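One letter stands for each residue in the lines below.
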Amino acid sequence: MIGIDIAKQVFQVHGIDEAGHTVLRKKLTRATFLAEMAQHPACLIGLEAQQATLMLHRVRDHFIRRRTGAINALRGHLAEFGLVSSSQRAGLNRLLEAVEDSVDTLPNDVTALLKMISAEIRGYDRSIADLNKKLKAQCKEEEVSQRLREIPGVGPVIATAMSAYLAAGGSFSTGSAFAAWLGITPRQHSSGGKERTFGITKRGNTYLRRQLINGARAVVRIARGRRGGMWDWINKMLDRRHFNIVTVAVANKMARIMWAMITKGTNFRPV
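This one's a predicted model, so the numbers in the text were calculated from it and none came from an experiment. (Residues numbered from 1 in each chain as written. Predicted model: local features only at pLDDT ≥ 70, side-chain atom pairs only at ≥ 80, totals over all residues. Heavy atoms only, no water.)

A.B. asks: Help me understand the overall build of the chain in this model?
C.D. replies: What the chain contains, in helices and strands, is 10 helices and six strands. Across the 271 residues in the chain, those meeting the buried criterion constitute 40%. Sequence-distant contacts, at least 24 apart, represent 53% of the contacts inside the chain between residues at least 6 apart. If you sum the accessible surface of the chain, you get close to 15400 Å²; carbon and sulfur atoms cover 54% of it. (Helix = DSSP H or I, 4+ residues; strand = E, 2+ residues; numbered from the N terminus. Buried < 20%, exposed > 50% of the residue type's maximum accessible area, 1.4 Å probe, protein only. Contact = heavy atoms within 4.5 Å. Areas by Shrake-Rupley, 256 points an atom, 1.4 Å probe, with all protein chains shown as cover.)

A.B. asks: Which parts of the structure should I look at to understand the packing of helix α9 (residues 230-238) against helix α10 (residues 243-264)?
C.D. replies: Geometrically, a packed helix pair is captured by the angle between its two axes and the distance between the axes. Two elements in contact, α9 and α10, have axes separated by 9 Å at closest approach and are oriented at 150°. In terms of orientation, α9 lies roughly antiparallel with respect to α10. With respect to the hand of their crossing, α9 and α10 are arranged in right-handed fashion. Here α9 contributes M230, W233, I234, M237 and L238 to the contact with α10, which in turn contributes F243, V246, A249, V250, K253 and I257. (Axes fitted to C-alpha atoms, helices over the stretch in contact; angles between N-to-C directions. Parallel < 35°, antiparallel > 145°, perpendicular 65-115°, else oblique. Left-handed = near helix turned anticlockwise from the far one by under 90°.)

A.B. asks: Explain the packing of aromatic side chains to me, please; I cannot follow it from the model alone.
C.D. replies: Both the distance between ring centres and the angle between the ring planes are used here to describe each pair of aromatic rings. Taken as a whole and assessed by the stated rule, the structure comprises four aromatic pairs. Ring centres 5.9 Å apart and planes at 40° place the aromatic pair F63 and Y124 in the tilted group. Residue F63 is found in helix α2 (residues 48-79), and its partner Y124 is found in helix α4 (residues 108-141); the two are separated by 61 residues along the sequence. Accessibility expressed as a relative area gives 21% for F63, which makes it partly exposed. Look at Y124 and you get buried, because its relative accessible area is 12%. (Phe/Tyr/Trp six-rings, centres within 6.5 Å; stacked < 30°, edge-to-face > 60°.)

A.B. asks: Got a minute to help me understand the nonpolar core in this structure?
C.D. replies: As a rule of thumb, soluble globular proteins bury nonpolar side chains together. Ranked by size, the top nonpolar core spans 46 residues in total, and within it L148, I151, M162, L212, I234 and M258 carry the most contacts. Those elements that provide at least two residues to this core are α2, α4, α6 (156-169), α7 (175-182), α8 (206-221), α9 and α10. It is α10 that provides the largest number of residues to this core, a total of 11 residues. For M258, the residues in contact, after removing those within four places along its chain, are L148, I151, V154, I158, M162, L166 and L212. By size, the runner-up hydrophobic cluster in this structure holds 13 residues, among which are I71, L92, L114 and I121. (Core = buried A, V, L, I, M, F, W, Y, C linked by side-chain atoms within 4.5 Å.)

A.B. asks: So what exactly am I meant to see when it comes to the side chain of S118 here?
C.D. replies: Looking at the secondary structure, you find S118 in helix α4. Apart from the residues lying within four places of it in its own chain, the contact partners of S118 are L96, V99 and E100.

A.B. asks: Quick question: what am I supposed to make of the pairing of strand β2 (residues 10-16) here?
C.D. replies: Looking along a regular strand, one sees the side chains alternate between the two faces of the sheet. Where burial is concerned, most of β2 is hidden: five out of the seven residues are buried. When β2 meets strand β3 (residues 22-29), the two strands line up antiparallel, connected through seven bridges. Each bridged residue has a counterpart across the sheet, and for G15 the counterpart in β3 is L24. (Pairing = 2+ DSSP bridges.)

A.B. asks: For this particular structure, what's the right way to read helix α1 (residues 30-37)?
C.D. replies: Given 3.6 residues per turn, any residue in an α-helix points the same way as the ones three and four places further on. By the burial criterion, the buried members of α1 are F33, E36 and M37. Here the buried residues of α1 occupy an arc of 85° about the axis, which is enough to place them on one side. Among the exposed residues of α1, those pointing more than 90 degrees away from its buried face are A31 and L34. (Arc of directions from axis to C-beta.)

A.B. asks: What exactly am I supposed to notice about the pattern of salt bridges here?
C.D. replies: Any two side chains of opposite charge can pair, on the condition that their charged atoms come close. Across all of its chains, the model carries eight salt bridges by this definition. With a closest N to O distance of 2.7 Å, R67 and D125 form a salt bridge. One end of the pair, R67, is in helix α2; the other, D125, is in helix α4, with 58 residues separating them in the sequence. For D125, a relative accessible area of 16% puts it in the buried group. We note a salt bridge from R122 to E100, for which the minimum N-O separation is 3.0 Å. Of this pair, R122 sits in helix α4 while E100 sits in helix α3 (residues 89-100), and the two are 22 residues apart along the sequence. The class of R122 is partly exposed, set by a relative accessible area of 26%. In this structure, a network of salt bridges that share partners links the residues D61, R65 and R210. (Salt bridge = Lys/Arg side-chain N within 4 Å of Asp/Glu carboxyl O.)

A.B. asks: So what exactly am I meant to see when it comes to the environment of A249 here?
C.D. replies: The residue A249 is located in helix α10 in this model. Residues A249 and T185 lie 64 residues apart in sequence; the distance between their C-alpha atoms is 8.2 Å.

A.B. asks: Just to check I follow, could you spell out the packing of α3 against α4 for this structure?
C.D. replies: It is the contact of α3 with α4, at a shortest axis distance of 9 Å, that shows an interaxial angle of 135°. Looking at the two axes, α3 sits oblique to α4. Of the two elements, α3 crosses α4, and the hand of that crossing is left-handed. Note on element contacts: α4 touches α3 through T111, L114, K115, S118, I121, R122 and D125, opposite R89, N93, L96, V99 and E100.

See below:
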């Protein structure tokens, strides 16, 4: 099977054999694409389905960012009238209810305007929930995504996104190179024979990085009290490093594990 990611000037080509092992990984120009493909025997081409998955994730990300903007606007406007709440979803729900069920709490003209923002947020909630259902259903149908879900912290969103993005542009020689591209590798600087480590680079694909960080954070939160394999490694780090640093380290490890599983066609093996 050959997966092709079509860009304006360059095509990323990624091929796997029947066992799921990578046998082809090239970056081709439009001028050389047809000549290269003519050299390969007939096989399954992953193009439309892959592009559809990538678009689904991009649309989902677009809705999330727009919803965040609407939520911030609602919170800001309500704060001017002394209505504030916690940053969690429960706090947002209380603010939405205050707007939608407002009875002489706010001026009528203000309530009408804020209800427009509330309706916008509710609309994004429905759209995002619908896309999440599509991703969950798609994950159940994809063999690669099902294997990735065996990794702690990996759900349908991460599994489908990772398999699609790596198949589309997975020209990374190592898992470490992939993690560095995602921006979850600490910046390093050497001076006077001493090496110092700084924050992560935050380069590469922002969407994938955010999903990995969220998944890793969920894993680190439940690590205490668990034993064996990855859990021992996480708990040792928690004993000496800040929660956020451990979260990034776990996200980095998750990215490298998934790269290996996708490119080599292997299953998750808890260490």
